[in-house]
Amino acid sequence: MESHSPSVAPPASDTPVRTPLALLGLGAMGSALARSWLAAGHPLTVWNRTPGRAEPLAAAGAAVADTAAEAVASAELVVVCLLDHASVGATLAGVDPTGKDLVDLTTGTPADARAGAAWAAEHGARFLAGGVLAVPPMIGVPGAGGRVLYSGSGELFAARRDTLAVPAATRYVGADPGFAALQDVALLSAMTSMFAGISHAFALIRKEDVDPREFASLLTGWLTAMAPAAHRAAAQLHSGDYSSGVTSTLAMQVAGAPTLLRTAAEQGVSTELLLPYLALMERRLADGHGDEGNTGLIDLLTARKG
Ligand code: FVH
C-alpha cells in the first residue's frame, strides 16, 4: 500500500490512475496484451505455466507471480488468455477468484463461456468473456483494426472498459456470456471460408503465367466489392423476403456452376472446397427457390434433420 508523508505534495488531481491487473497466459496473444497494458502505465502482474516466457515482460516492468493463485490474489481485475477452455480450467482450478473481476480472452465456444460464467458466479466473481478479433501485432496499435467482443457482466464491462480498451477497440455484445464467443466464432468461420476461396482462386492460376501478386490485387478488390452481400443477406433475414431485389439468382448461379467445375478440371485443381457449397445451392434450387439469391442457404444450414 502506498503512503505519503505530509511534506510530500499529493499527486495532481488530473494524474491518471491506471488500474492494476493480473494476466494469466503469456503466449503470443497474452504477451502482446501484457505489453500494451505496461506501455499504458498499468501495474501488471503476470503468470505463465512456462516461467521463461515472463522474463521479457519482467524486463519491461511486470511483476511475475510464481503461481496462478498468487497472480490472481494480486489484483481485482484478472485477465486470462490461454490456449483453450481446458487450459483455463486447469489453471483456475487452484485459484480463489472471490470478489474479482474475471475476464477470459481465450477463444472458445459459447458453451465454454457460459460454463466459465457459471464457475465465476459460484465463486463470487464477476465474469466477462471476450472474443479477440485481432492478431498479436495489432494489439496496442490504435487504428490497426483490432477489436475484442465482450459479453457477460455489463457492470464489469462498464467499470473496466477504459482498461479493456487499451489493447484494442471494444464492443459489448450482451449479458449472455456466450454471445461474444458466438459472434467471434461466426466471424472466424466466415474468415475460414474466405481463406478457402482465396486458396482455390490461387490454385486455379498456380501453373499458368499469371503473376500471383497482380492477381492478388484483383482478388482483394473483388472480395471487397462482394462483402456488402452480408448487408443484403441481413436485410433479407430480417424481412423474411429472400427474392425481392435479387440480381444474381440461384438459378443463374447453379447454371454457372459447371463452368467453375470444368475450369477446375482443366487446371487440374481439386473441387473439394467448392463442392459442398454448390451442393447446397442445388438443393435449394431443387426445392423451388431459383428466384432467390443465396440467403435461403442459411435456412438449409439451420434446418434440423429428423
Ligand atoms: N495468436 C493469434 O493469432 C490468435 C488471435 C485471435 C485469438 N487467439 C486466441 O488467443 C488465445 C491465446 O493464443 P496465443 O496466441 O497466446 O497462443 P499460444 O502462443 O499458443 O499460447 C498459449 C498459452 O496457453 C498456455 N497453456 C497451454 N496449455 C496450458 C495448460 N494446460 N495450462 C496452463 N497454460 C497452458 C501456454 O503456456 P506455455 O505453453 O507457455 O506454458 C501459453 O501461455 C487462444 O485461445 C487463441 O485461440 C490468438
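Residues numbered from 1 in each chain as written. Predicted model: local features only at pLDDT ≥ 70, side-chain atom pairs only at ≥ 80, totals over all residues. Heavy atoms only, no water.

Within the structure, the ligand sits among 21 residues, and Ala28, Met29, Asn48, Thr50 and Arg53 are positioned closest to it. One nitrogen or oxygen atom from the main chain of Met29 is found 2.9 Å from an oxygen atom belonging to the ligand. Note that an oxygen atom of the ligand is positioned 2.7 Å from one of the side-chain N or O atoms of Asn48. For the ligand, the protein covers 75% of the area, taking 910 Å² as the surface of the free molecule. Listing elements by their share of the shell around the ligand, those giving two or more residues are helix H1 (28-39) and helix H4 (85-92). A total of three residues in the shell around the ligand trace back to one element, the largest contributor, which is H1. Considering only residue class, the shell around the ligand consists of ten nonpolar, nine polar and two charged. (Near = heavy atom within 4 Å. Polar contact = N/O pair within 3.5 Å; in protein donor to acceptor, adjacent residues only side chain to side chain. Areas by Shrake-Rupley, 256 points an atom, 1.4 Å probe, with all protein chains shown as cover. Helix = DSSP H or I, 4+ residues; strand = E, 2+ residues; numbered from the N terminus. Nonpolar A, V, L, I, M, F, W, Y, C, P; charged D, E, K, R; others polar.)

On to the confidence of the model for the protein. Here the protein averages 94 in pLDDT, and 94% of its residues register 70 or above. Confidence drops under pLDDT 50 across residues 1-10; counting only partners more than four residues distant or on other chains, this segment forms one contact. (pLDDT = per-residue confidence, 0-100. Contact = heavy atoms within 4.5 Å.)

We now examine the side chain of Asp104. Along the chain, the position of Asp104 falls in strand S5 (residues 101-104). Arg114 provides the closest opposite charge to the buried, salt-bridge-free Asp104, at an N-O distance of 13 Å. Once you skip the residues sitting within four places of it in the chain, Asp104 turns out to touch Val80, Val88, Phe127, Leu128, Ala129 and Gly130. (Buried < 20%, exposed > 50% of the residue type's maximum accessible area, 1.4 Å probe, protein only. Lys, Arg positive; Asp, Glu negative; His and termini not counted. Salt bridge = Lys/Arg side-chain N within 4 Å of Asp/Glu carboxyl O.)

To continue, consider the nonpolar core. Residues Leu23, Leu33, Leu44, Val46, Val103, Leu105 and Tyr150 are the most contacted members of the largest nonpolar core, which totals 29 residues. Among the elements of the structure, strand S1 (21-24), H1, strand S2 (44-47), strand S4 (77-80), strand S6 (126-133), strand S7 (147-152) and helix H6 (154-164) are those that each provide at least two residues to this core. When residues in this core are grouped by element, the largest group, six residues, is from H1. Apart from residues lying up to four places away in sequence, Leu44 is in contact with Leu21, Leu23, Ala34, Leu38, Ala62 and Ala63. In this structure, Trp47, Val72, Val88 and Ala113 belong to the second largest nonpolar core, which totals 22 residues. (Core = buried A, V, L, I, M, F, W, Y, C linked by side-chain atoms within 4.5 Å.)

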